[in-house]
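Working through the structure, step by step
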Amino acid sequence: MQTTRDMDAPGTEKVNIRKSNSLAKHFKGTWQLYTLLLLPIIFLAVFNYYPMYGAIIAFKNYNIRAGILGSPWADNFGLANFIRFFGNYNFIECLRNTLWISVYTILVSFPCAIILALSLNYILNVRYKKAVQLVSYFPYFISTIILVGMINILFNTKTGAIGSIIYSITGTNVLASASAFPSLYVWSGIWQSVGFNAIIYMAALSGVDMQLHEAATVDGATIMQRIRHIDLPAIIPTAVILLILNVGGILNIGYEKVLAMQNPNNLSASEIISTYAYKIALVSSIPDFAYSTAIGLFQSGVGLVLLLVVNRISKGLTSESLW
Amino acid sequence: MKTRYCLQDRIFNIVNHTLLAVFLLAVMYPFIYLISCSFSSGDALMTGKVKILPVEPTLLGYKTVFAYGPIWTGYLNSLIYMVSGTIVSVVLTIMASYPLSRDDIKGKKLFMGYFLFTMMFNGGLVPTYLLVKQLHMIDTIWAIILPTALSAYNVIVARTFYRQNIPLELLEASRLDGCDDFRFLLKIVIPLSKPIIAVISLWVAVALWNSYFSALIYLHSEEKYPLQLILRGILIMGSTDLSQSGVDPEIRLRNQYLGEMLKYGTIVVSSLPLMILYPFVQKYFVKGVMIGSVKG
């Protein structure tokens, strides 16, 4: 990279003298790069930025014939849809469910992935270690539908291998229980992705200087002490970055899985903001696009603010930041 | 290196090995259980007799799966969506990421911001749905592959790869030989970036193969359903209509639990492509996590 700058140096001097001329020269040399960028930029404009513009229907009394611009503004300075959502009794329930599932996931998945990585790190038999890793990634590849299908089969109270045992001991049907839903969702998620999530910590651990471990061993440190004072500090930067990303996405739960796991019996714990918005717009017999958009916009907006705030806090505390 | 462990460390090792063994069993058990179930008879399944090994072994479950038409149309559709979606996505990702990896374009920060912002904020479900509707893509393959084809995250990962792996000397040398940027990208960059193309193709392909939500909202005709939507019907909605399938009516009458047996068989059959490909592709997945973890 340094070399181009050196080569370009005489050129940049000319910029000051005859700017327009050298700009033309710049484009003559690199127009192909801009051409390549053109299609992706148009693509994002259509499929990402146009929907952002379309989201202004959240502030309108949208009707499909009048279109986005033609529809009249909603009452209360355009905020009627938001006020309706905040006043709805579903709002508190959806928000509570969303937050609880997210926080529960973060609380469990971080320690689990780190513990698995540390545990594998102290397995000296390389073949065994490789084998465990290979097996642990595997569930990551199966689809949401198959995962939920497997849950339904395994936890069936009559025929399922796990469900029948739970049913005979506690008498609860895990699949139809609202109080069991968060745990079922979170732990099946751990089962599916803990091996994969551990990869990144394994990488951080493999970067630790072996001499540190040797020196500590010579000084009589136990494995637990080495984990505490050598391995954990090596993992923390990675963990912080991942935590920022996770907290930023705290309202964006994988709704595909939640939707597939929902049934009338667990709905009071499994209705999250995304699935609620989806039902209002696309399942309900009287679809309300503007209301659903407002709910979606609330979710994206909170996500964006959270991401910025957490990133700022982390920058102040640990100097780890996303950008 | 021969280490002599102190008592604490020996306890640590024992606990560690035990926990890892338990973990290994916990990961493998559901798979073993389902495979055994898929080879068991309907009566054994319905009475919950299967624990680890198949009970009253039979191939009837698989025969039903193979005779059940919708699964195979779904298979074919998924394959088409996956292949075409992956191609579109990879081409777009390369077109975006290579120029952004170069230091000699102007306004790079602006372009990067334009891409990054799509990762942090989105218009949401309904505006996207209305757009797809406006473009008349409802109930077509385009609704499945286009809206999610270009992900800023993949662009950044690919860009990081180019910055680290395509030496500038190469560009300068080929410039001296009269090679322009298009040619350089096609003849030199792409052949050199096989690992990253493999990683991104894999991410996109697996995501396309596994997702059902976009098909659920955008596709209406059943003959266009991807496999996951068919599976959703069989496994979750329990809406299996065996009379419409090619299963022999006599077998249907004799086995009242055929619908149940179908469930287990479909799980195994639909995961089979991944199970076979898995050992070959898993290293790319791991590689992808590593590249992705480098800040752009």
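Keep in mind it's a predicted model, so treat the numbers as computed, not measured.

1. Comments concerning the overall build of chain B
When its secondary structure is counted, chain B shows 15 helices and 0 strands. Since a compact globule built from 296 residues should have a radius of gyration of about 19 Å, the 25 Å found for chain B marks it as more spread out than a globular shape. Overall, the C-alpha framework of chain B stretches about 75 × 70 × 35 Å when taken along its three principal axes. When each of the 296 residues of chain B is scored for burial, the buried share is 38%.

2. Thoughts on the nonpolar core
Formed by 119 residues in total, the largest nonpolar core has its most connected members in Met150(A), Ile272(A), Ala277(A), Ala294(A), Ile295(A), Ala96(B) and Ala158(B). Here this core takes 10 residues from helix H4 (residues 69-101) of chain B, the largest share from any one element. The contacts of Ile272(A), once residues within four sequence positions are left out, are Cys94(A), Asn97(A), Thr98(A), Ile101(A), Ile253(A), Tyr255(A) and Val258(A). Core analysis: the next-biggest nonpolar cluster, separate from the first, contains 15 residues, Ala113(A), Phe196(A), Ala198(A) and Leu205(A) among them.

3. Considering the domain arrangement of chain B
One can read the domain layout of chain B as domain 1 (7-67 + 252-270) and domain 2 (69-222). Computed over C-alpha atoms, the centres of domain 1 of chain B and domain 2 of chain B are 37 Å apart.

4. Focus on the environment of Gly238(B)
For Gly238(B), the location among the structural elements is in the loop between helix H13 (227-237) and helix H14 (249-254). Spatially, the C-alpha atom of Gly238(B) lies 41 Å from that of Ile291(B), the residues being 53 residues apart in sequence.

5. Re the interface of chain A and chain B
Of the residues lining the interface, 69 residues belong to chain A; the matching set on chain B comes to 72 residues. When the residues that make up the side of chain A that touches chain B are grouped by side-chain class, the tally is 47 nonpolar, 20 polar and 2 charged.

The rules behind the values
Residues numbered from 1 in each chain as written. Chains lettered and ligands numbered in written order. Predicted model: local features only at pLDDT ≥ 70, side-chain atom pairs only at ≥ 80, totals over all residues. Helix = DSSP H or I, 4+ residues; strand = E, 2+ residues; numbered from the N terminus. Rg over C-alpha atoms; globule rule 2.2 N^0.38 Å. Buried ≥ 20, exposed ≤ 12 C-beta atoms within 10 Å, placed from the backbone. Core = buried A, V, L, I, M, F, W, Y, C linked by C-beta atoms within 7 Å. Contact = placed C-beta atoms within 7 Å. Domains from an automatic or database assignment. Nonpolar A, V, L, I, M, F, W, Y, C, P; charged D, E, K, R; others polar.

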